[in-house]
Amino acid sequence: MRSRVPQACDILIENAFFLNKDMSPEHRGHIAVEDGRILDIGDCPDAFSPAQRLDGRSLLWIPGLVDGHTHTSQQLLRGRLLDEKPVIWKRINVPFEAGLTPETSRLSAQLAALEMIRSGTTSFVDAGGRDVDTFVEVYELSGLRCGLTRMTTDAPGAPETLRSTPREAVKRLRELHRTLEGRKTDRMKAFFSVTALTACSEEMIRSVFSEALSLGVPIEVHMNEYPSEVFDFMERYGKRPFEFLEDEGLIGSRFLAPHCIFLSQEETDILARSNIRVAHCPFSNCGKGVPNTPQLLKKGVDVGFGTDGSAHGGLDLFREIRLFRGVMNAKHGAGTADPQVMPAKTLLSMATRGGAASLLDKGIGTIDVGGTADLIALDIGRPHILPTQNLVHTLVESASGADVTHSIVSGKLLMKDRRVLTLDEEKILAEARTLPWMARFLPASS
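Presented here is an overview of the structure given in this document. (Residues numbered from 1 in each chain as written. Predicted model: local features only at pLDDT ≥ 70, side-chain atom pairs only at ≥ 80, totals over all residues. Heavy atoms only, no water.)

A closer look at the overall build of the protein chain
- The helix and strand inventory of the protein chain stands at 14 helices and 18 strands.
- Taking 2.2 N^0.38 as the reference for a compact globule, 446 residues should give roughly 22 Å; the C-alpha atoms of the protein chain span a radius of gyration of 22 Å, in line with that estimate.
- C-alpha extents for the protein chain along the principal axes are approximately 80 × 60 × 45 Å.
- Across the 446 residues of the protein chain, 58% fall into the buried class.
- Taking all contacts inside the protein chain whose residues are at least 6 apart in sequence as the whole, residues at least 24 apart take part in 70%.
- Only carbon and sulfur atoms are counted for the fraction: they give 50% of the accessible area of the protein chain, which is about 18,900 Å².
- Positive and negative side-chain charges of the protein chain, numbering 52 and 58 respectively, have mean locations separated by a distance of 1 Å. (Helix = DSSP H or I, 4+ residues; strand = E, 2+ residues; numbered from the N terminus. Rg over C-alpha atoms; globule rule 2.2 N^0.38 Å. Buried < 20%, exposed > 50% of the residue type's maximum accessible area, 1.4 Å probe, protein only. Contact = heavy atoms within 4.5 Å. Areas by Shrake-Rupley, 256 points an atom, 1.4 Å probe, with all protein chains shown as cover. Lys, Arg positive; Asp, Glu negative; His and termini not counted. Charge placed at Lys NZ, Arg CZ, Asp CG, Glu CD.)

Below, the structure is given as structure tokens:
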């Protein structure tokens, strides 16, 4: 009897232990990856001849985490925002971003990419900045999956280096869209955006939203983050933000709305019927308010997590998951004595499938045959995880980005055994140590 010739594949994960699409742990003999997708999940590893083998013993493979809202331009602001009075984005963030150069923007993106890869994030949506062309170069090299946009504001008080007219803003957003559409990779896509509705004129809002609808390009906008912004908008337009956008016909099916803390019942209904995606940023948001996420999920709204950038405590989404569980229990669970107001599986699904919805990419967010091969491996043989009576619960309670050992995006290894393969980590960190303010914290050289 003729023996079967092993099938070629790029990566073969042997002794595979993973979270399936139901967020339940499952043991299988192998996961085969080929041409950026999961080719097979089964129990016959000998049926494949891989270019690379990974031993899955003592590891748990989960879908790559998705950061639905981050700020590359604020990576160098780490440690600056804690204990500051609101509204920090006007007083601190925007002026800082206005002073970035192409060189510091590049370093900011490199450090952000390193942090995301090391902590298990495989995809993200960035809120835009001044030197987005530099971000494109860095993130293409990093191997991460991302949505990128340009900062768009015409507020009179905005720094000159960030302000543009509606015509200029639309032109620059179109150019970014053409640039990313022309790249060979499908890992990077353009988003249109306005920085915030209250930071833009009505002409800017209409111009950018209308152009996004016309081109079928996704749009992302900070929404309902501060009560003062909602009140200011109502004073200006006589309507709440989402009500205005719906009444003006500016909402399409490709809308990502980070934050969404202060929503009326009518706005919640608008999110549900318009298929608007939401990205909550727990660490950043809990100093402002607590969203009614249980209601959003009950109405079928896709909700994911964002970090709001490294200036808000880092890019580790495991931390965001754990904090969000506590906030939800304190706000929505304690009053009704419901310990399952935000179950562990729901939280993990929000960080993966919910984030995939933020990126408007149906191929990611699960480990399933035919799906995109975006997955990470956690070392579950550590004392803060092992032993456990419920591994999914323990992931939410105890896991962190430091437990991530391997990272794969679109079938390519970005990190193996905690070593980042796509970027020169040592060189990037050496450059970070030369930033002027770092001299206050580093010991003087001998």
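Describing the sheet that holds strand β11 (residues 219-222)
- Across the sheet, 5 strands lie side by side as β10-β11-β12-β13-β14; this open sheet has parallel pairing. The outermost strands of the open sheet, each flanked by one partner alone, are β10 (192-196) and β14 (303-305). If you compare each strand with its neighbour and ignore which way they point, the axes differ by 20° on average.
- Bridge count between strand β13 (residues 277-280) and β14: 3 bridges; the pairing is parallel. Counterpart to Val 278 in the pairing with β14 is Val 303.
- Sheet strands touched by helix α5 (residues 202-215): β10, β11 and β12 (255-258). Its angle to β10, the strand with the most contacts, is close to 155°. (Pairing = 2+ DSSP bridges. Axes fitted to C-alpha atoms, helices over the stretch in contact; angles between N-to-C directions.)

A look at the side chain of Thr 422
- For Thr 422, the location among the structural elements is in the loop between β18 (419-420) and α14 (425-432).
- Filtering out sequence-adjacent residues up to four positions away, Thr 422 remains in contact with Ile 117, Leu 141, Ser 142, Lys 412, Leu 413 and Leu 414.

Considering the nonpolar core
- Core analysis: the biggest nonpolar cluster contains 94 residues, and Tyr 139, Phe 209, Leu 245 and Phe 255 have the highest contact counts within it.
- The dominant element in this core, judged by the number of residues it contributes, is helix α2 (residues 102-119), at 8 residues.
- Look past the residues within four positions of Phe 255 in its chain and what remains in contact with it is Phe 209, Ile 219, Val 221, Met 223, Phe 242, Leu 245, Ile 276 and Arg 277. (Core = buried A, V, L, I, M, F, W, Y, C linked by side-chain atoms within 4.5 Å.)

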